[in-house]
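Structure assessment
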Amino acid sequence: MEQIIEFPDVLDLVEQHKLPKEIYASDGTLLFKPYDPVIESPLVANRKKWRLFANYTVDPNDDEVVQINTTGQLIRIKHDADVDEMMGYIRKVHPGATVEEAISFVLQRVVEDTGEFKDDDEFGAYTLTLYLALAYLIHYGVLVLVK
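Conventions used here
- Residues numbered from 1 in each chain as written.
- Predicted model: local features only at pLDDT ≥ 70, side-chain atom pairs only at ≥ 80, totals over all residues.
- Heavy atoms only, no water.
- Salt bridge = Lys/Arg side-chain N within 4 Å of Asp/Glu carboxyl O.
- Helix = DSSP H or I, 4+ residues; strand = E, 2+ residues; numbered from the N terminus.
- Buried < 20%, exposed > 50% of the residue type's maximum accessible area, 1.4 Å probe, protein only.
- Patch = residues over 30% accessible without salt bridge, like charges linked within 9 Å, V, L, I, M, F, W, Y side chains within 5 Å.
- Areas by Shrake-Rupley, 256 points an atom, 1.4 Å probe, with all protein chains shown as cover.
- Lys, Arg positive; Asp, Glu negative; His and termini not counted.
- Charge placed at Lys NZ, Arg CZ, Asp CG, Glu CD.

1. Concerning the pattern of salt bridges
Tallying each qualifying case throughout the model produces 8 salt bridges. Salt-bridge contacts for Lys33 lead to Asp36; the nearest nitrogen and oxygen are separated by 3.4 Å. Notably, a salt bridge pairs Arg109 with Glu85, separated by 2.2 Å at the nearest N-O pair. Of this pair, Arg109 sits in helix α4 (residues 99-114) while Glu85 sits in helix α3 (residues 81-93), and the two are 24 residues apart along the sequence. Overall, the relative accessible area of 18% leaves Glu85 in the buried class. Here the residues in one salt-bridge network are Glu6, Asp62, Arg76 and Lys78, joined through shared partners.

2. Brief notes about a negative patch on the surface
A surface patch of like charges, here negative, comprises Asp9, Asp12, Glu15, Asp63, Asp80 and Asp84. By the secondary structure assignment, Asp63 is in the loop between β5 (56-58) and β6 (65-68).

The following block contains the structure:
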């Protein structure tokens, strides 16, 4: 039986201060630098240019397990509304969406469901976690980034 890799809970990584200094795509592209100013991270700087495509199929027996199309690797992604929404949006609604479109889609849903953010700090922190989750989806090969 093939090993299943556990997709990390981004909020846990943030709370436990266990984020790496840099997050890379499988092809070596630098995606995100969590400890540097956000705008310096390539995923944010290129949010209007870089496009995203799904690179997975869902296990019919366990909807938390996806198989990466290009490598065959199995990854367990515990249900997280934001991660699920980004994956579904890119796979079903808008293949080839820009990074900005994917992030905006989730932010719009959150505002519709819970109301406006209380201030810019709350908005910024939430957006940062979305970018981190997206960086990890690309890092694990669930999503493919096209420059």
